[in-house]
Amino acid sequence: DEEYFQEELRKNYSTNIQASKAKRADMIQFVNSVRDGSVEKDNELNEVLKAGKDAMKRNYAVDQDLYGTEKGLEEKTKMDQQLKETKDKKQRRRRNKEQGAKEVEVEVETKKSETANENENDQNKDEQPQTGHNSTTTTQNNILAVAGVGIAAAAIGFLAGGKRSS
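Residues numbered from 1 in each chain as written. Predicted model: local features only at pLDDT ≥ 70, side-chain atom pairs only at ≥ 80, totals over all residues. Heavy atoms only, no water.

### Things to note about the side chain of Ser 33
Part 1 of the argument: Tracing the backbone shows Ser 33 in helix 1 (residues 2-36).
Part 2 of the argument: Owing to a relative accessible area of 15%, Ser 33 belongs among the buried residues under this scheme.
Part 3 of the argument: Those residues in contact with Ser 33, other than ones at most four positions away along the chain, are Ser 38 and Lys 41. (Helix = DSSP H or I, 4+ residues; strand = E, 2+ residues; numbered from the N terminus. Buried < 20%, exposed > 50% of the residue type's maximum accessible area, 1.4 Å probe, protein only. Contact = heavy atoms within 4.5 Å.)

### What to know about a nonpolar patch on the surface
Part 1 of the argument: Together, Phe 5, Leu 9, Tyr 13 and Ile 17 make up a nonpolar patch on the protein surface, roughly 360 Å² of accessible area in all.
Part 2 of the argument: Relative to the elements of secondary structure, Phe 5 occurs in helix 1. (Patch = residues over 30% accessible without salt bridge, like charges linked within 9 Å, V, L, I, M, F, W, Y side chains within 5 Å. Areas by Shrake-Rupley, 256 points an atom, 1.4 Å probe, with all protein chains shown as cover. Salt bridge = Lys/Arg side-chain N within 4 Å of Asp/Glu carboxyl O.)

### Here's the deal with helix 1
One turn of the α-helix equals 3.6 residues, which is why residues spaced by three or four share an orientation.
Part 1 of the argument: The first and last C-alpha atoms of helix 1 sit only 40 Å apart over 35 residues, clearly below the 51 Å expected at 1.5 Å per residue.
Part 2 of the argument: At Tyr 13, helix 1 is deflected by roughly 90°, the largest bend along its length. (Expected span 1.5 Å × (residues − 1). Bend = angle between axes of the 7 residues up to and from the residue.)

Right under this line is the structure:
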């Protein structure tokens, strides 16, 4: 049974077996040369380990009309200026957005204190026990105040939320 199996392997896969034996011999030779400290193999291994990044390579085309000329320097400074301006615009937008959110918070706090003052004034004006009509008005005012605060809080959340990736 085992003889039949080896015969089938030799018959159908003889090229694979020969290639595998050759690769094994090459690998043994390579390991021995590394073990012996061959300078050539050390350099070869360093190239493989560095993945070809031991030398600077340019990954973009260079315009020879501009490279190293005053015109090229002018265009570079112009491009740097444009990049700086766009960065400054983004920072200003971000600051303005944050400033707007703070202003909304101040408005909400002001409205809260105004409604609290109104409620105190209503209670101080009427020293008599409140009748059904006055308590309904106060309840309606309280509902409106709570709704206003809720709407303001939602607006703050929307404005302050912005992009969630930052």
